[in-house]
Each structure stands twice: as C-alpha cells, then as structure tokens.
Amino acid sequence: QVQLVESGGGSVQAGGSLRLSCVASGFTFGSYMMMWVRQAPGKGREWVATISTAGGRTFYSDSAEGRFTISRDNGATTVQLQLNSLATEDTATYYCAKAKTVGNDYRNTGTISNFETWGQGTQVTVSS
C-alpha cells in the first residue's frame, strides 16, 4: 500500500524558512518522479516543484523558483522541500505525491493530474 507522510510544517514570520519532508513507502521510490503541491484555503491545488527519479533534475513553478528547493534521498525514500524567503501568500497545506507512471516524463513536470496518492499534508502558515 502506497503511503506518503508529510511533516515539517509550522508557523513562521515572513522571510523565514521551513524544511518539509515526505516519507514514502509501499512502492519502488527511486523509480518515480515526485512532486510537491500546495492548497491554500478556498483555492485549488497549485503545483510547486517536481524532481526526477534520481534527483538530477528539478522543476519549479514561477512562485517557487529561486526560493524553494526540492530534493530527494532514494536510500531513505524521502523527498524534501526547503522553503526560504517565505511570504504570506505561501500559506497553504503542502502535499507530496508520486507520479502515476515509472520513469521520467519531462513533458509534464507540472501536471498535477499525472501524479497521485496524496499524503495528508502539512500546514505552513506565514504571518507578516
């Protein structure tokens, strides 16, 4: 059974940092691209970042580029998201997800529908 468990969220002031982590189990972690998305209250899910199977390639939304860093440890079956220079508009629940298919699909790195099995999420709250 696929499981994704996020942690690391919290409340910070604008300009602060957080490091989110997602522990995966129940599938061959190193064979799948992984994604972070977020959902603010009253809004739909928004793509944040994607990482290739081996971690050598990363992709970011415009809002994440330059401030957030996605990484993975295939030995520990974890994917992380370092959040720097946080702003109030970053307030959301952050989720990790695995790609629906094995391997790397660089044509759809930001397509949420190509990913599945969302964890329970971790809340990030940024105050001014």
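Quick caveat: nothing in here was measured; it's all calculated off a predicted structure.

Participant: Help me understand the sheet that holds strand E1 (residues 3-7) in this model?
Facilitator: Two orientations exist for strands paired in a sheet by backbone hydrogen bonds: parallel and antiparallel. Across the sheet, four strands lie side by side as E1-E3-E8-E7; this open sheet has antiparallel pairing. The open sheet has two edge strands with one neighbour each: E1 and strand E7 (68-73). Mean inter-strand twist for the sheet, computed between neighbouring axes without regard to direction, equals 15°. Direction of pairing for strand E3 (residues 18-25) relative to strand E8 (residues 78-83): antiparallel, over a ladder of six bridges. Its bridge partner being in E8, Leu-18 is matched across the sheet by Leu-83.

Participant: Looking at this model, I keep getting lost on the packing of aromatic side chains. Mind explaining?
Facilitator: Aromatic rings in a pair are described by how distant their centres are and how their planes are angled relative to each other. Within the structure shown, the criterion is met by three aromatic pairs. Each ring, one from Phe-27 and one from Phe-29, has its centre 6.1 Å from the other, and the planes form 50°; the classification is tilted. Across the pair, exposure class does not vary: Phe-27 and Phe-29 are buried alike. Considering the side-chain rings of Phe-59 and Tyr-106, the 5.7 Å spacing of their centres and the 40° angle between planes classify their relative orientation as tilted.

Participant: Can you walk me through the state of the cysteines in this structure?
Facilitator: This structure, assessed with the given rule, holds one disulfide. Paired through a disulfide, Cys-22 and Cys-96 show a sulfur-sulfur distance of 1.9 Å. The S-S bond linking Cys-22 to Cys-96 shows a torsion near 45°; that makes this disulfide right-handed. Residue Cys-22 is found in strand E3, and its partner Cys-96 is found in strand E9 (residues 92-99); the two are separated by 74 residues along the sequence. This pair shows no difference in class: Cys-22 is buried, exactly as Cys-96 is.

Participant: Explanation requested: the pattern of salt bridges in the structure shown.
Facilitator: Two side chains with opposite charge may pair up if their charged atoms get near one another. Enumeration according to the criterion identifies five salt bridges in this entry. When the shortest N-O distance is used, the salt bridge between Glu-46 and Arg-38 registers 2.8 Å. You can call Arg-38 buried: its relative accessible area is 6%. We note a salt bridge from Arg-107 to Asp-105, for which the minimum N-O separation is 3.0 Å. Overall, the relative accessible area of 73% leaves Arg-107 in the exposed class. Salt bridges sharing partners connect three or more residues here, namely Arg-38, Glu-46, Arg-67 and Asp-90.

Participant: What is the right way to look at the side chain of Thr-53 in this model?
Facilitator: Inspection of the secondary structure puts Thr-53 in the loop between strand E5 (45-51) and strand E6 (58-60). Under the relative-accessibility criterion, Thr-53 is labelled buried at 11%. Apart from residues no more than four positions distant in its own chain, Thr-53 is found in contact with Gly-30, Ser-31, Tyr-32, Met-33, Arg-72, Asn-74, Gly-103 and Asn-104.

Participant: Looking at this structure, how should I read the side chain of Thr-122?
Facilitator: Tracing the backbone through its elements, the reader meets Thr-122 in strand E11 (residues 122-127). According to the relative accessible area criterion, Thr-122 is buried, its value standing at 9%. A distance of 2.9 Å separates a polar side-chain atom of Thr-122 from the backbone nitrogen of Gly-9. In this structure Thr-122 touches Glu-6, Ser-7, Gly-8, Gly-9, Leu-20, Ala-92, Thr-93 and Tyr-94, once residues within four positions along its chain are discounted.

What counts and what doesn't
Residues numbered from 1 in each chain as written. Predicted model: local features only at pLDDT ≥ 70, side-chain atom pairs only at ≥ 80, totals over all residues. Heavy atoms only, no water. Pairing = 2+ DSSP bridges. Helix = DSSP H or I, 4+ residues; strand = E, 2+ residues; numbered from the N terminus. Axes fitted to C-alpha atoms, helices over the stretch in contact; angles between N-to-C directions. Phe/Tyr/Trp six-rings, centres within 6.5 Å; stacked < 30°, edge-to-face > 60°. Buried < 20%, exposed > 50% of the residue type's maximum accessible area, 1.4 Å probe, protein only. Disulfide = S-S within 2.5 Å. Salt bridge = Lys/Arg side-chain N within 4 Å of Asp/Glu carboxyl O. Contact = heavy atoms within 4.5 Å. Polar contact = N/O pair within 3.5 Å; in protein donor to acceptor, adjacent residues only side chain to side chain.

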